[in-house]
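# Structure at a glance
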Amino acid sequence: MLGNISEITMHRMRWAVTLGWCLLIISLFYDPISIQLTEPSNTLSPFRLNIEKCVLVQGKCLEETPYAMGASIFWSIVVPSSIFILLVLGHEFWRRICPLSFISQIPRALKWERKRHRINATTGKVRKELAKVPKNSWLAQNYLYLQFSLFFLGLCSRILFVNSDRLALGLFLILTIIAALTIGFLYGGKAWCHYICPMAPVQKIYAEPRGLFNTTAHEDNQKRITQSMCRTVSQNGQELGACVACQSPCMDIDAENTYWNGISNPQQQWLYYGYIGLTVGYFVYYYLYAGNWDYSLSGAWAHEGNQLANLLKPGYYLLDKPVNIPKCVAVPITLALFTFGAISMGGVLENIYKAYQHRHYQQIDPLIIRHRMFTLCTFFIFNFFFIFSGHSFIQLLPSPLPGFFPILMAVSSSLWLYRTWQRTPKYYQRESLAHRLLKQLKKLNLDSVKFLEGRSLDDLSVDEIYVLAKVLPDFSQGEHLQTYKAMLRDAIDEGYVNPANSLDNFQQMRQELGISDKEHDKILTELGQQYPELFDARKLRNRENSLRLDSYRDTLLETLLDAREIDAYIGQDRTWDTHLIQVFSGKTSNKVLEDLLQSLSPKDRNLVQELRQEYGITTDEEVDSLKRTDPYQLWKGMIEGIGLLGYISTGGEEMLRTIFQEIDADGSQYISLHELQTYIRAIDPRITNVQIEDMLTVADTNGDNLISYEEFQEVFKSCKF
């Protein structure tokens, strides 16, 4: 849903949120306005202090004076709002508006990122590439522990130093901004978000496996820009992926895949149970410190004077008596005890639940048990958090709005619980494979209209796709095998599976299509003979790397097309268009690409070199990325080859109608596959049948295996430069 909002719109929203955040930080240092709103004498302000109300702290009324509201707004509105957004709107929306994530990308936008020198062991050549967190480094292996530790220190610091001290809070936020900028310079991609940010564990707790309304990346595995992955906008408004594969699996690409991939990881277990204890301990400490709940619920801690002066005073007040343990010691002890206590208790409860399930249901996947435990943890802590957080501001709302707030939280979390409880790794995989199956069914052009009752193939649910594959009378066993082979090939190529685990991962699909394990092995052998590069162990195959190559190829094409428009002398050279199509058909050598680049200006050649460095592209990877050219890019190449650049910029229709009629050789008002093959081969005979079939599939939106003039128009509009 929200993942489809354009990057231009989200970029503006990020600027607005970031500027608002910066204004809030400035108010922590200087704010002559909001302090007037808290004056007891200001009867028009809902935020005025009630000097008649006594907030007891360790048996004494807390002395309250008019205060600037910056800290209160941050802790009681900004932080709770982010938690609500994560659970309801999803990780993708929060990451796309998060000011810290935005700020960490400033070095990338300014091209101030650190580069590393790589030496080719075979040729000895040295090349520069963007520095990324090494896959086998300590940071890559232990980032969850690091982030949780930073979060723990942050909560301790909050209680001790920054809750009500506006200067301390302002400096804390500025240091966080500096840290995000520094990490953005040192490492490419979203290294700050993935490996360092103390809020990242919170995002995992509330946003995985999916938010209530976020889009699903796995149900459209052909989409190259998913959820909150890195993206950019070309000079002509084209939205492009900008993934550099800084982490795999990547939460920004597919949050649910990351969740299932890491659910058995002890770090994940430690994180979920530890977060419960840490959050509960944080709010309970206010009671242990003040001796009552009113201190926490009133929000007085956010404007309490002399916070730093209390560091050495008693940290507990139990049974109406202070306990002489300094507050600076009591805080970390309390939070640590609750954290490790919750980790131990969570492990025990998980084992009890597992034993219960085995006694009553015999066989149940341990991952489902853990998933349900994690789901209950999130449901509990979300509601627990909102009992306390923002309470002081909510009570200022006009009646009956304060009464609706807990209802909103309960309904939102209950809907999330219902939706999440049913998720399983197998159903996630079933959904992923269903859309791969749908893609192949479209290619076969089977007579499925009578089974759809007026709907299109894209309207089918997951279960309906599998049922359709079973009931289609002309979907023979041979076509079952053909479809399965194509799906397996694409899945290996995209890094969705590797040959070693494909037997297990495609088990459900074999059951649906009636394919035996022996037939799977035979198909795998055939793929190894026909596409040996799929089985090359030296090549990194995962979705993140696949998207990195796609992002590079897309950006390279846009760069070359921009250069073509700028350099008029290139536009007059018709062979340049032919070479462009050859390069992006993936059926040519690196020499053709290098010759093409030599015809560009030095400035444009430097841009291409910077692209290679940013995406860390080797010569072999460049060849691979060009082989992966998708149908839209081939349509773009065709547009270049037949000189329709003017149509795209002016929107004229006469020339487009002429081209359509040229391709439609039989005058049927529809372009068939044979006619499209004949026309494109005249431009470049190197483009394969498979690629042309994909081009037709992209343009053929109604699934009749023909391209009408309206569909022809639409595909040209989608290929804006």
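Given the structure is predicted, the values throughout are model-derived calculations rather than measurements.

Right, let's get into the overall build of the chain. Secondary structure summary: the chain contains 36 helices and 10 strands in total. The long-range share in the chain, meaning contacts at least 24 apart out of those at least 6 apart in sequence, stands at 75%. Per element, the accessible surface of the chain, about 33,300 Å² overall, is 59% carbon and sulfur.

What follows is about the packing of helix H12 (residues 266-290) against helix H15 (residues 366-388). Between H12 and H15, the least distance of the axes is 10 Å, while the angle of their chain directions is 20°. Comparing their axes, H15 and H12 come out roughly parallel. Of the two possible hands of crossing, H12 and H15 adopt the one that is left-handed. Touching Gln268, Gln269, Tyr272, Tyr273, Tyr275, Ile276, Thr279, Val280 and Phe283 of H12 are Arg370, Met373, Phe374, Cys377, Thr378, Phe380, Ile381, Phe384, Phe385 and Phe388, all from H15. Grouping the constituent residues of the contact of H12 with H15 by class yields 14 nonpolar, 4 polar and 1 charged.

When pLDDT is averaged across the chain, the result is 85; 88% of the residues are at 70 or more. Predicted confidence is poor over residues 568-572, with pLDDT under 50, and the contacts of this stretch with residues over four places away or in other chains come to 8 contacts. Here residues 643-651 is a poorly scored stretch, pLDDT under 50, and it has 21 contacts once near neighbours within four places are set aside; other chains count.

Overall, the coordinates contain 1 disulfide when judged by the stated rule. Two residues, Cys54 and Cys61, share a disulfide whose sulfurs are 1.8 Å apart. Of note, the bridge from Cys54 to Cys61 carries an S-S torsion of about -105° and is left-handed in sense. Classification of Cys54 by relative accessible area gives partly exposed; the value is 33%. The thiol of Cys197 is unpaired, and the distance to the nearest cysteine sulfur, on Cys98, comes to 6.3 Å. On the basis of relative accessible area, Cys197 is assigned to the buried category, the value being 6%.

Before going further, it helps to spend a moment on helix H24 (residues 517-530). Spanning 14 residues, H24 covers 20 Å between terminal C-alpha atoms, matching the ideal 20 Å at 1.5 Å per step. Taken as a whole, H24 has its buried residues at His520, Ile523, Leu524 and Leu527. In a view along the axis of H24, the buried residues occupy a sector of 105°, so they form one face of it. Away from its buried face by more than 90 degrees, H24 exposes Lys518, Lys522 and Gln529. Structurally, H24 contributes buried residues whose contacts are with helix H21 (477-493), helix H22 (502-505) and helix H23 (507-513).

Further remarks concern empty space enclosed by the protein. Going through the model one piece at a time under the given rule, you end up with 9 cavities of 30 Å³ or more. When its volume is computed, the largest cavity comes out at roughly 120 Å³. Around the largest cavity sit 14 residues that line it, and Tyr143, His194, Lys204, Gln247 and Met251 are the ones nearest its centre. At the level of elements, helix H7 (138-162), helix H9 (191-196) and helix H10 (200-207) are the ones that each hand at least two residues to the lining of the largest cavity. In terms of residue class, the lining of the largest cavity is made up of 6 nonpolar, 5 polar and 3 charged. There is about 90 Å³ of room inside the second largest cavity.

One pass over the structure, following the stated rule, counts 26 salt bridges. Between Glu7 and Arg231 there is a salt bridge, with the nearest N and O atoms lying 3.9 Å from each other. Linking Glu7 in helix H1 (residues 7-29) with Arg231 in strand S5 (residues 231-233), this pair joins segments that are 224 residues apart in sequence. The pair formed by Glu7 and Arg231 is uniform in burial state, with each residue classed as buried. Between Glu256 and Arg210 there is a salt bridge, and its shortest N-O distance comes to 3.0 Å. With Glu256 in helix H11 (residues 255-262) and Arg210 in the loop between H10 and S5, the pair connects residues that are 46 residues apart, well separated along the chain.

Right, let's get into the packing of aromatic side chains. Within the structure shown, the criterion is met by 33 aromatic pairs. Between Tyr206 and Phe382 the ring centres are 6.2 Å apart and the planes differ by 65°, which places this aromatic pair in the edge-to-face class. A residue pair is termed long-range when its members are at least 10 positions apart, and Tyr206 in helix H10 and Phe382 in helix H15 qualify at 176 residues. Given the relative accessible area of 0%, Tyr206 is considered buried. Measuring from ring centre to ring centre gives 5.7 Å for Tyr484 and Phe506, while their planes differ by 90°; the resulting arrangement is edge-to-face. Highlighted residues: Tyr484 in helix H21 and Phe506 in the loop between H22 and H23, separated in sequence by 22 residues. Comparing Tyr484 with Phe506, the two get one shared label, buried. In this arrangement the basic side chain of Arg158 is found over the ring face of Trp75, its NZ or CZ atom lying 3.9 Å from the centre. In this structure, Arg436 is placed above the aromatic ring of Tyr496, and the distance from its NZ or CZ to the ring centre is 4.6 Å.

Rules of the game
- Residues numbered from 1 in each chain as written.
- Predicted model: local features only at pLDDT ≥ 70, side-chain atom pairs only at ≥ 80, totals over all residues.
- Heavy atoms only, no water.
- Helix = DSSP H or I, 4+ residues; strand = E, 2+ residues; numbered from the N terminus.
- Contact = heavy atoms within 4.5 Å.
- Areas by Shrake-Rupley, 256 points an atom, 1.4 Å probe, with all protein chains shown as cover.
- Axes fitted to C-alpha atoms, helices over the stretch in contact; angles between N-to-C directions.
- Parallel < 35°, antiparallel > 145°, perpendicular 65-115°, else oblique.
- Left-handed = near helix turned anticlockwise from the far one by under 90°.
- Nonpolar A, V, L, I, M, F, W, Y, C, P; charged D, E, K, R; others polar.
- pLDDT = per-residue confidence, 0-100.
- Disulfide = S-S within 2.5 Å.
- Buried < 20%, exposed > 50% of the residue type's maximum accessible area, 1.4 Å probe, protein only.
- Expected span 1.5 Å × (residues − 1).
- Arc of directions from axis to C-beta.
- 1 Å grid on protein atoms, 1.4 Å probe; cavity = no way out; pocket = protein on both sides within 12 Å on 5 of 7 lines; lining within 4 Å.
- Points joined across faces, edges and corners; volume = space filled by probe spheres on them.
- Salt bridge = Lys/Arg side-chain N within 4 Å of Asp/Glu carboxyl O.
- Phe/Tyr/Trp six-rings, centres within 6.5 Å; stacked < 30°, edge-to-face > 60°.
- Lys NZ or Arg CZ within 6 Å of the ring centre and 35° of its normal.

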